[in-house]
Amino acid sequence: MTNSPRTGTSLAIGSMILVQIGLALSVGLIDRIGTEGAAWLRLAWGGLLLAVLVRPPLRSFGRRALLTSMALGVVTAGITMLFMAAIARLPLGTASALEFLGPLGVAVARGRRGAKVWPAVAAAGVVLLTEPWHGGADPAGVLFALAAGACWAAYIVLTQRVGDSVSGLRGLAVSMPVAGVVATLIAGPSVIGRLDWDLVWFGLGLAIVLPVIPFSMELLALRRLTTAAFGTLMALEPAIALLIGLVLLSQVPSWVAVAGIVFVVVAGIGAERTGQRGAILPAAPREPAAV
């Protein structure tokens with residue numbers, strides 16, 4: 001595989017598609033074991049798989065790098081569980097667009113003067129998505145999606161710190177098991193008794209689709225793309241989520257919701273293009289979109 005921007009673009013887009021497919025497939029688990037249970041299965045299996053496959057040498061970690069990787073795991077659990085609660089109440093495209101306000105906020109905060117217009121564009125998109133004039137969006141779903149976005153913003157900051165100090169997949173192989181442990185403490189006691197072998201094996205397959213494969217693809221993509229290029233691609237995720245929701249979940253968006261997603265995507269692209277950081281973004285993805 002060549003170390004080229006084109007390869008990085010293909011990996012990033014493929015990762016985003018897999019993330020949204022994984023989230024769409026997760027919706028089927030919600031009716032059986034609830035939002036927390038569905039998130040727990042993905043995180044627990046994902047953490048176990050990465051720990052076994054990568055086997056990170058913890059003695060090679062500095063104290064700060066290890067603590068940052070663990071904090072990244074806690075934030076990853078927050079993103080996953082909060083976003084699962086959001087998509088149980090909102091269409092996938094709407095939830096993804098609201099969640100994307102977290103990375104948008106990071107891009108604007110570190111951006112130059114030209115970035116300051118983008119919050120207004122994003123705010124217009126949020127108004128169109130939530131349609132407050134007739135209560136078109138579930139308020140709890142909106143709050144869960146925004147909370148997931150806040151976790152995603154923290155995830156980006158922590159990811160850059162981990163990527164600066166930990167090479168390869170080692171940081172991810174620490175953060176994901178931590179995320180699995182956090183999810184187990186929160187959801188495990190109430191879910192374990194409701195599991196059967198079909199759910200266990202489905203959870204394993206789902207963990208491979210999300211997070212194991214797409215997170216690894218993003219790590220490779222981020223070594224080939226600049227911050228602006230990756231941020232521009234990441235801004236496409238709400239639109240990808242809308243398409244996946246339409247195809248796999250039969251969630252037909254209104255024209256107002258489509259317009260809102262377009263506003264959020266444009267704001268994300270604009271904010272990233274005016275961002276300060278021009279170096280290649282260090283390793284690691286978000287649950288993002290997802291989720």
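Criteria and cut-off values
Residue indices follow the written sequence of each chain, beginning from 1 at its first position. Local features in a predicted model are, by the rule used here, given only for residues with pLDDT of at least 70; side-chain atom pairs are given and counted only at 80 or more, and totals for whole chains, interfaces and linings are based on all residues. To obtain the side-chain values, all non-hydrogen atoms of the structure were used and water was disregarded. Put simply, DSSP H or I for four residues or longer makes a helix, DSSP E for two residues or longer makes a strand, and each gets a number counted from the N terminus. Burial classification: accessible surface area is computed with a 1.4 Å probe over protein chains only, and a residue below 20% of its type maximum counts as buried, one above 50% as exposed, and the rest as partly exposed. In short, Shrake-Rupley with a 1.4 Å probe defines the accessible areas, and a residue's cover is counted only from the protein chains shown. Within this scheme, the nonpolar core is defined by two criteria: the residues are buried Ala, Val, Leu, Ile, Met, Phe, Trp, Tyr or Cys, and they are joined through side-chain atoms within 4.5 Å. Contacts are assigned to residue pairs with any non-hydrogen atoms lying within 4.5 Å of each other. For every element, the axis is a line fit to its C-alpha atoms; helices are fit only across the contacting stretch, and the angle between N-to-C directions ranges from 0 to 180 degrees. Here the angle decides the label: under 35 degrees means roughly parallel, over 145 means roughly antiparallel, 65 to 115 means roughly perpendicular, and every other value means oblique. The handedness criterion is simple: a crossing whose near helix is rotated anticlockwise from the far helix by less than a right angle is left-handed, and one whose near helix is rotated clockwise is right-handed. When residues are sorted by character, Ala, Val, Leu, Ile, Met, Phe, Trp, Tyr, Cys and Pro go into the nonpolar class, Asp, Glu, Lys and Arg into the charged class, and all the rest, Gly among them, into the polar class. Here the expected span of a helix is defined as 1.5 Å times the quantity of residues minus one. What counts as a ring pair is set by centres within 6.5 Å for rings of Phe, Tyr and Trp (its six-membered ring), and what kind of pair is set by the plane angle: stacked under 30 degrees, edge-to-face over 60, tilted for all other angles. Remark: a charge is flagged as sitting over a ring if the NZ atom of Lys or the CZ atom of Arg is within 6 Å of the ring centre and within 35 degrees of the ring normal.

Engineer: Would you mind showing me how to read the overall build of the chain here?
Structural biologist: Check the secondary structure of the chain and you find 11 helices and 0 strands. Ordered by position from N to C terminus, the α and β elements of the chain give α-α-α-α-α-α-α-α-α-α-α. Within the chain, the fraction of its 291 residues that count as buried is 55%. Looking at the chain as shown, the accessible area adds up to about 12300 Å², and 68% of this sits on carbon and sulfur atoms.

Engineer: Teacher, can you tell me more about the nonpolar core here?
Structural biologist: A general trend in soluble globular proteins is that nonpolar side chains are found buried together. Counting 86 residues, the largest nonpolar core has Leu23 and Leu92 as the members making the most contacts within it. Among the elements that take part in this core, helix α1 (residues 5-54) stands out by supplying 17 residues, more than any other. The residues touching Leu92, leaving out its near neighbours within four places in the chain, are Gln20, Leu23, Ala24, Phe83, Ile87, Ala241, Ile244, Gly245 and Gln251.

Engineer: So what exactly am I meant to see when it comes to the packing of helix α2 (residues 63-87) against helix α6 (residues 139-165) here?
Structural biologist: Two elements in contact, α2 and α6, have axes whose closest approach is 8 Å; the angle formed by their N-to-C orientations is 155°. The angle between α2 and α6 places the two elements in the roughly antiparallel class. The crossing of α2 and α6 is left-handed. Residue classes in the contact of α2 with α6 are distributed as 19 nonpolar, 7 polar and 1 charged.

Engineer: Looking at this structure, I do not really get the environment of Ala183. What am I missing?
Structural biologist: Considering the arrangement of structural elements, one finds Ala183 in helix α7 (residues 170-191). Note on Ala183: relative accessible area 0%, which makes it buried. Measuring from C-alpha to C-alpha, the distance between Ala183 and Leu43 comes to 7.0 Å, with 140 residues separating the pair along the chain. Residues in contact with Ala183, not counting those within four places in the same chain, are Trp40, Leu43, Met81 and Gly188.

Engineer: Help me out: how do you make sense of unusual backbone geometry in this one?
Structural biologist: Apart from glycine, the bulk of residues carry a negative phi angle, and the bulk of peptide bonds sit in the trans form. In this model, Leu210 is joined to Pro211 through a cis peptide bond whose omega is 25°. In this fold, Pro211 is placed in helix α8 (residues 197-222). In this structure, Arg55 is a non-glycine residue whose phi angle is positive, near 45°. Within the secondary structure, Arg55 sits in the loop between α1 and α2. In this structure, Ser250 takes a positive phi of about 55° despite not being glycine.

Engineer: Honestly, the packing of helix α3 (residues 92-99) against α6 in this entry has me stumped. Any pointers?
Structural biologist: Contact geometry for α3 and α6: axes closest at 7 Å, N-to-C directions at 45°. One way to sum up the angle between α3 and α6 is to call them oblique. When the axes of α3 and α6 are compared, the crossing they make is right-handed. Counting all contacts with α3, which are made through Ala95, Leu98 and Glu99, the residues of α6 involved are Val142, Ala145, Leu146, Ala148, Gly149 and Trp152. Of the residues belonging to the contact of α3 with α6, the class tally is 7 nonpolar, 1 polar and 1 charged.

Engineer: What am I meant to see in helix α10 (residues 237-249) here?
Structural biologist: Helical geometry: 3.6 residues make up each α-helical turn, so side chains three or four residues apart lie on a common side. Between the first and last C-alpha of α10 there are 17 Å, a value that for 13 residues agrees with the 18 Å anticipated at 1.5 Å per step. Positive phi shows up at Ser250, right after α10, with a value of about 55°.

Engineer: Would you take a moment to explain the packing of aromatic side chains for this structure?
Structural biologist: Each aromatic ring pair is described using two quantities: the centre-to-centre distance and the angle formed by the ring planes. Counted by the stated rule, this structure contains 3 aromatic pairs. Taking 6.5 Å as the distance between ring centres and 25° as the angle between the ring planes, the aromatic pair formed by Trp45 and Trp201 counts as stacked. On the criterion of sequence distance, the pair formed by Trp45 in helix α1 and Trp201 in helix α8 is long-range, its members being 156 residues apart. Judged by centre distance (6.1 Å) and plane angle (65°), the ring pair of Phe100 and Trp152 falls under edge-to-face. Linking Phe100 in the loop between α3 and α4 (101-109) with Trp152 in helix α6, this pair joins segments that are 52 residues apart in sequence. Each of the two residues, Phe100 as well as Trp152, counts as buried. Three or more aromatic residues joined by ring pairs form one cluster here, namely Trp45, Trp197 and Trp201. Over the ring of Phe61 we find Arg170, and its NZ or CZ is 5.5 Å from the ring centre.

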